[in-house]
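Listed below, chain by chain, are the residues.
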Amino acid sequence: MQLTRLLGGLMLGLGFAAAALAQTTMKISISTAQNSHQGVAIDTFAREVEKRTGGRYKVQTFYNGALGGERESIEAVQLGTQELAFSSTGPVPNFVPETKILDVPFLFRDKAHARAVLDGPIGQDLLTKFDAKGFKALAWAENGFRHMTNSKRDVKDPADLKGLKMRTMENPVHIQAYKAFGIITTPMAFPEVFTALQQGTVDGQENPLPVIISAKFEQVQKHLTLTGHVYSPCIFVMNKGTFDKLSAADKQAFVDAAKEATKANRARVDEDDAKGVADLRAKGMTVIDNVDKAKFVAALAPVQADFEKQFGKAALDQIRNYK
Ligand code: EAX
């Protein structure tokens, strides 16, 4: 009894102490559902920030584009009206043009290659490019490799893409490449995509399996082809002023929380990639998984030549050959 009372008193004391400490709440948002690889990322991040700062910082999580699409969220973070966002690189080149190189199609062999590049000196150097634009980029994470879906036909060959009206991200590199496939490109923010597919405003879209599954695109798309035409990184961005005001230890806590979140995010992407095709087939999609990738690569040869001019062959080779 003595002990219980003592413990009770201690906990009460601790409670008061915690309440006396200033507690700061911050916001973070994603455009996909909570039950997704991005939801796992920000939920883990919020938990880790709270744990690593002894509860002095709380991160409020928003899903499904509740605070706006990815471009709007990044803008809000830049302005400081929102402290944090987790986004694909879709709209990022409009803020930090140096990241464009990561959106080049067929640049990465597989997820292990992409993750190694992002975690290595190339990716870490790119994170520093956000500083001058009003951001602190905490860590890279991912969506995974993007695949094509549409409501019109099985895409077995690049020629089958000709004339398909497809929603794309607001990303200049993607748009240039997809035009080279003969796609009629319609850039659009993610929260509008389901309705656009449902109403037939566009025939198709492209996204990794984790996004297709969590957005339930199988309800409005019949055909999926595992083109894996481009790797889709994600990033944790924070308002620079907000980050700079943190103590050195808290800065480290935020960075470490983002790294921990990336681990959980990547594990979920692997899980979704492993079961995604069977899942989507069971829900009625036709999935072309024996893709002759070389044909799709060849179809982009002219545009790749232009990317080599834009980004420099040396910079692209440095990524391609990274071990
Ligand atoms: O970040 O806009 C997109 O297609 C993105 O891949 C999606 O919002 C997940």
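Refer to the structure printed above.
Residues numbered from 1 in each chain as written. Predicted model: local features only at pLDDT ≥ 70, side-chain atom pairs only at ≥ 80, totals over all residues. Heavy atoms only, no water.

Novice: Whenever I open this one, the overall build of the protein confuses me. Can you help?
Specialist: Helix and strand counts for the protein come out as 13 helices and nine strands. Computed over its C-alpha atoms, the radius of gyration of the protein comes to 21 Å, within 12% of the 20 Å expected for a compact globule of 323 residues. Taken along the three principal axes of its C-alpha coordinates, the protein extends 80 × 45 × 35 Å. Going through the 323 residues of the protein one by one, you find that 53% of them count as buried. (Helix = DSSP H or I, 4+ residues; strand = E, 2+ residues; numbered from the N terminus. Rg over C-alpha atoms; globule rule 2.2 N^0.38 Å. Buried < 20%, exposed > 50% of the residue type's maximum accessible area, 1.4 Å probe, protein only.)

Novice: Would you explain the environment of isoleucine 42 in this entry?
Specialist: Residue position: isoleucine 42 is located in helix H2 (residues 37–52). Residue classification places isoleucine 42 among the buried positions, given a relative accessible area of 0%. C-alpha separation for the pair isoleucine 42 and isoleucine 28, spaced 14 residues apart in sequence, amounts to 7.3 Å. The residues touching isoleucine 42, leaving out its near neighbours within four places in the chain, are Ile28, Ile30, Thr61, Phe62, Tyr63, Phe86 and Phe236. (Contact = heavy atoms within 4.5 Å.)

Novice: What is the right way to read the site of the ligand from this model?
Specialist: In the neighbourhood of the ligand, the contacting residues comprise Ser31, Thr32, Gln38, Glu70, Ser88, Asn143, Arg146, Arg167, Met169, Phe190 and Asn207. A distance of 2.7 Å separates an oxygen atom of the ligand from a polar atom in the side chain of glutamine 38. Measuring from an oxygen atom of the ligand, one finds a side-chain N or O atom of asparagine 143 at 3.2 Å. Calculation on the ligand without its partners gives an accessible area of 260 Å², and the protein chains cover 99% of this total. Taken together, the residues of the shell around the ligand sort by class into two nonpolar, six polar and three charged. (Near = heavy atom within 4 Å. Polar contact = N/O pair within 3.5 Å; in protein donor to acceptor, adjacent residues only side chain to side chain. Areas by Shrake-Rupley, 256 points an atom, 1.4 Å probe, with all protein chains shown as cover. Nonpolar A, V, L, I, M, F, W, Y, C, P; charged D, E, K, R; others polar.)

Novice: Sorry if this is basic, but what is going on with the packing of helix H12 (residues 301–311) against helix H13 (residues 313–320) here?
Specialist: Packing of H12 against H13 leaves a shortest axis separation of 6 Å and a crossing angle of 105 degrees. Classified by the interaxial angle, the pair formed by H12 and H13 is roughly perpendicular. Only Lys313, Ala315, Leu316 and Arg320 of H13 make contact with H12, whose side of the interface consists of Gln304, Phe307, Glu308 and Phe311. A per-class count over the contact of H12 with H13 returns four nonpolar, one polar and three charged. (Axes fitted to C-alpha atoms, helices over the stretch in contact; angles between N-to-C directions. Parallel < 35°, antiparallel > 145°, perpendicular 65-115°, else oblique.)

Novice: What am I meant to see in the environment of valine 96 here?
Specialist: Structurally, the position occupied by valine 96 is in the loop between strand E3 (84–88) and helix H4 (111–119). In contact with valine 96, not counting residues within four places along its chain, are Lys129, Phe130, Lys133 and Phe135.

Novice: Can you walk me through H2 in this structure?
Specialist: Three- or four-residue spacings in an α-helix give side chains the same orientation, since the helix completes a turn every 3.6 residues. Its 16 residues place the ends of H2 22 Å apart at the C-alpha level, agreeing with the 22 Å of an ideal helix rising 1.5 Å per residue. Residues of H2 that are buried include every one of His37, Gln38, Gly39, Ala41, Ile42, Thr44, Phe45, Ala46, Glu48 and Val49, and no others. Of the residues one or two after H2, glycine 54 is the one with positive phi, at around 60 degrees. (Expected span 1.5 Å × (residues − 1).)

Novice: Which parts of the structure should I look at to understand the packing of H4 against helix H10 (residues 248–282)?
Specialist: The geometry of a pair of packed helices is captured by two quantities: the angle between their axes and the separation between those axes. Taken N-terminus to C-terminus, the directions of H4 and H10 make an angle of 165 degrees; their axes are 13 Å apart at the nearest point. With respect to each other, H4 and H10 are oriented roughly antiparallel. For H4 against H10, the interelement crossing comes out right-handed. Packed against H4, whose contacting residues are Lys111, Arg115, Leu118 and Asp119, the element H10 presents Arg266, Val269, Asp270 and Asp273 at the interface. Of the residues contributing to the contact of H4 with H10, the split by class is two nonpolar, no polar and six charged. (Left-handed = near helix turned anticlockwise from the far one by under 90°.)

Novice: Please clarify how the pattern of salt bridges should be interpreted in this entry.
Specialist: Opposite charge on two side chains permits them to pair, given that their charged atoms come into close proximity. Enumeration according to the criterion identifies 24 salt bridges in this entry. In this structure, the salt-bridge partner of lysine 129 is aspartate 125, at a minimum N-O distance of 3.8 Å. When the shortest N-O distance is used, the salt bridge between aspartate 317 and arginine 320 registers 2.9 Å. Separated by three residues within a single helix, aspartate 317 and arginine 320 lie in helix H13, roughly one turn from each other. Salt bridges here are not isolated pairs; linked through shared partners, they connect Glu48, Lys51, Arg52, Glu260 and Lys263. (Salt bridge = Lys/Arg side-chain N within 4 Å of Asp/Glu carboxyl O.)

Novice: I would appreciate a short explanation of the pairing of strand E6 (residues 184–187) in the present structure.
Specialist: Here is the key point about a regular strand: its side chains alternate between the two faces of the sheet. Inspection of the sheet shows strand E5 (residues 165–168) paired to E6 by four bridges, in the parallel sense. Across the sheet, methionine 166 pairs through a bridge with threonine 185, a residue of E6. As a crossover connection, the stretch from E5 through helix H6 (residues 172–180) into E6 is right-handed. (Pairing = 2+ DSSP bridges. Right-handed = clockwise from strand over helix to strand, strands pointing away.)

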